[in-house]
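Take a look at the letters that make up each chain.
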Amino acid sequence: METEHRVSTLELFFDLVFVFTITQLTVLLADDLTPRGAGQVVLIFTVLFWMYGGYAHLTNQVPPDRTVRRVLLMLAMGAFMVCALAVPTAFGAGGVAFGLGYLLVVLVHGALFTQAHGRGVLWFALPNVLCALAVTAAGFFDGAPAWGLWLLALLLQFVTPLVVQRVAASGAAAQPEAAEQTVGDQLGGMNAAHLVERHGLLLIIVFGESVIAIGIGVGSLPLSAGIAGGAFLALTIASAMWWMYFVRDEGRAEEVFAQTPPERRFKLAMAAYYYAFLPVLLGIAVFAAGVKKTIGHLGEHLHTGPAVALAGGVALYLAGNLVFRGVLGLGPARYRATALVLALATVPVGTGWTGAGQLVALAVVLVGAVVAEGGRSPAARARGTAAESVTGS
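Residues numbered from 1 in each chain as written. Predicted model: local features only at pLDDT ≥ 70, side-chain atom pairs only at ≥ 80, totals over all residues. Heavy atoms only, no water.

> Give me the packing of aromatic side chains: which residues, what numbers.
Tallied over the full model, the rule gives 27 aromatic pairs. Ring centres 6.0 Å apart and planes at 70° place the aromatic pair tyrosine 245 and phenylalanine 277 in the edge-to-face group. Of this pair, tyrosine 245 sits in helix H9 (residues 225-246) while phenylalanine 277 is found in helix H12 (residues 277-294), placing the two residues 32 residues apart along the sequence. In this structure, tyrosine 245 and phenylalanine 277 share a single accessibility class: buried. Taken together, the ring pairs in this structure connect Phe14, Phe18, Phe45, Phe49, Trp50, Tyr52, Tyr55, Phe80, Phe158, Tyr274 and Tyr275 into an aromatic cluster. (Phe/Tyr/Trp six-rings, centres within 6.5 Å; stacked < 30°, edge-to-face > 60°. Helix = DSSP H or I, 4+ residues; strand = E, 2+ residues; numbered from the N terminus. Buried < 20%, exposed > 50% of the residue type's maximum accessible area, 1.4 Å probe, protein only.)

> Got a sec to walk through a nonpolar patch on the surface? Specific residues and values, please.
Where nonpolar side chains cluster on the molecular surface, the patch consists of Trp123, Leu152, Leu155, Val159 and Val163 and spans about 420 Å² of accessible area. No other element matches the four residues that helix H6 (residues 144-174) contributes to the nonpolar patch. Counting through the fold element by element, leucine 155 comes out in helix H6. (Patch = residues over 30% accessible without salt bridge, like charges linked within 9 Å, V, L, I, M, F, W, Y side chains within 5 Å. Areas by Shrake-Rupley, 256 points an atom, 1.4 Å probe, with all protein chains shown as cover. Salt bridge = Lys/Arg side-chain N within 4 Å of Asp/Glu carboxyl O.)

> So what's going on with helix H11 (residues 265-275)? Residues and values would help.
With eight of 11 residues buried, H11 is to be regarded as a mostly interior element. Along H11, the positions that sit buried rather than exposed are Arg265, Phe266, Leu268, Ala269, Met270, Ala272, Tyr273 and Tyr274.

> Please set out the environment of valine 87 residue by residue, giving values where relevant.
Mapped onto the elements of the fold, valine 87 is located in the loop between helix H3 (67-86) and helix H4 (95-117). You can call valine 87 buried: its relative accessible area is 1%. Once the C-alpha coordinates of valine 87 and threonine 21 are considered, the two residues, 66 residues apart in sequence, prove to be 7.1 Å apart. Sequence-distant contacts of valine 87, that is, excluding residues within four places in its chain, are made with Gln24, Leu25, Leu28, Ile44, Leu48 and Phe98. (Contact = heavy atoms within 4.5 Å.)

> Please set out the confidence of the model for the protein chain residue by residue, giving values where relevant.
Of the residues in the protein chain, 88% reach a pLDDT of 70 or more, and the chain-wide mean stands at 89. Ignoring residues within four places in sequence, the model shows residues 379-391, a span with pLDDT below 50, making three contacts including any to other chains. (pLDDT = per-residue confidence, 0-100.)

> Before we move on, could you go through the side chain of aspartate 32 and cite the residues and values that matter?
Tracing the chain through its elements places aspartate 32 in the loop between helix H1 (9-31) and helix H2 (35-61). Taking the relative accessible area as the measure of exposure, aspartate 32 reaches 19% and is therefore buried. Setting aside residues up to four positions removed in sequence, aspartate 32 forms contacts with Gly37 and Ala38.

> Talk me through the pattern of salt bridges; I want residue IDs and the actual numbers.
Counted under the stated rule, the structure contains 10 salt bridges. In this structure, aspartate 65 and arginine 69 form a salt bridge, with 3.1 Å as the shortest nitrogen-oxygen distance. By relative accessible area, aspartate 65 is classed as partly exposed at 47%. Judged by its relative accessible area of 9%, arginine 69 falls in the buried class. A salt bridge links arginine 336 to aspartate 249, with the nearest nitrogen and oxygen atoms 3.0 Å apart. Placement of arginine 336 in helix H14 (residues 334-344) and of aspartate 249 in the loop between H9 and helix H10 (250-259) is noted, with a sequence separation of 87 residues between them. Like aspartate 249, arginine 336 is buried.

> Give me the environment of leucine 330: which residues, what numbers.
Mapping leucine 330 onto the fold places it in the loop between helix H13 (304-328) and H14. Take leucine 330: its relative accessible area is 10%, and that puts it in the buried class. Considering only alpha carbons, one finds leucine 330 and arginine 248, 82 residues apart in sequence, at a separation of 9.4 Å. In contact with leucine 330, not counting residues within four places along its chain, are Asp249, Arg252, Ala253, Val256, Phe324 and Arg325.

> Account for unusual backbone geometry, with residues named and values stated.
The peptide bond linking glycine 331 to proline 332 adopts the cis configuration, its omega dihedral lying at 0°. Along the polypeptide, proline 332 turns up in the loop between H13 and H14.

> So, the environment of valine 82: which residues are in play, and what are the values?
Mapped onto the elements of the fold, valine 82 is located in helix H3. The exposure class assigned to valine 82 is partly exposed, which follows from its relative accessible area of 36%. Separated by 61 residues in sequence, valine 82 and threonine 21 place their C-alpha atoms 9.4 Å apart. With sequence-adjacent residues up to four places away left out, valine 82 is seen in contact with Ala97 and Gly101.

> Tell me about the side chain of glutamine 40, and please be specific about residues and values.
Locating glutamine 40 in the fold gives a position in helix H2. Among all residues touching glutamine 40, those that are not within four sequence positions of it are Leu28, Phe91 and Trp147.

> Pulling in residues and values, what's your account of the packing of H1 against helix H8 (residues 192-218)?
In contact at an axis separation of 9 Å, H1 and H8 are set at 40° when each is read in the N-to-C sense. In terms of orientation, H1 lies oblique with respect to H8. H1 and H8 meet at a crossing whose hand is right-handed. Listed contacts from H8 to Glu11, Leu12, Phe14, Asp15, Leu16, Phe18, Val19, Ile22, Thr23 and Thr26 of H1 are His194, Arg198, Leu201, Leu202, Ile205, Val206 and Glu209. Here the contact of H1 with H8 is composed, by residue class, of 10 nonpolar, three polar and four charged. (Axes fitted to C-alpha atoms, helices over the stretch in contact; angles between N-to-C directions. Parallel < 35°, antiparallel > 145°, perpendicular 65-115°, else oblique. Left-handed = near helix turned anticlockwise from the far one by under 90°. Nonpolar A, V, L, I, M, F, W, Y, C, P; charged D, E, K, R; others polar.)

As C-alpha cells, then:
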C-alpha cells in the first residue's frame, strides 16, 4: 500500500510564485501578438516549466518537512521571482538577470535532490546547469546568437531524460538482483496522489490567470451590458476547459498512475505532465492574452493576432489534453478532437464579424463538447443501465 503523501502549503505557495512567470508571459504575448513574440513565449515558458517539473518531482520525493529544505525551497521561489520579473526583457536587457535567476533555481534544485539521490543527481543536475549557463550567455547577445543559445538550452532539456533513463537501465543491467531499486532510485518512484494533485493545483492557478486577464482587459472601461456579457462568455470558455480536466480526467489519471509500477512512473510522468502539459498551460496563457486584447473591443472586427490567440489558445489546450489522454489511455478522444478543429474555425468569425461573436462560437464549441462527451461517458452509461434495470423491474 502506497503511503499517503499530499501537497503541502509551501508547495502551493511555490506554485503561486511560479505562476507569476506565466502572468508575465501573458503580458509579453499580449503586447507582441506576432510569430516572433509567440516564439519567445514558447522558449521562455518551456525552459521555465522544465524546472517547475523538476521541483514537483523533487518535493514528491524530498518533502519540505525540515527547516533547511523549507529555506532552500523559499530561496528557489525568490530565484523564480527574479526570472518572472525579467521575463518581459528576457531577450533584451533583462536576459542576464533572467539567466542568473534561473541558474540559482537549478543549483538549489540539485542541492535538494542530493538528499534523495546522492551523487546520482549529477546525471541531471549537470545538464540543467549547462542549460542555465546557455540561457545566461544568451543575455549577452541579440538576434540569431541569442535564439541559438535558447534553442541549445531546450535541446539539453529534451536530451536529459533520455540520458538519465539510459543510465538507470545500465545500472539495472549491471545489478539485476537490484534492478527495480536501481531504476526507482535513478528515476524516482513518484507518489501517484501527490504527482496528480500537484499538477492539478498548478492548473487551477493558471486558470485563475485567464480570469485575471478579463479584469485587466476591462481596465477602466465602464461596466456595460456588453462588457459583462463578454466577461461571462470568457469565463464560460475557461469553465468548460476546467470541466474537461478536473471532472473528466484528473481522477482517472490518478488511478492510472496508482496502477503503474513505481519504477515506471518517471517516464509516464514526463509524457503526461511535462510534454502534454506544455501545450495545456501555454494554451491557457495564449487564450488569456487573446481575452485581454478582445474584451474591450467586443463589438469590433478583431485583428488577426487577438482572433488567433483566442482560437489558438483553446486549440493548444485541447491538443495537449488529447495527448495527455492518449498517454494515459483515457477516452474518448473524438469530441475533443472535433472541438479543436471547430475552435480554429472561429478565427474568421472574430476577424470577419466581431470579438463577441467569436467568444460565443468558442463557448458553444466547448460546452457542446462537454455535453456530448458527458452523454457518452462510462458514468452516464452506467446510470442509464441502472435506470433501465429499475424500470424493467
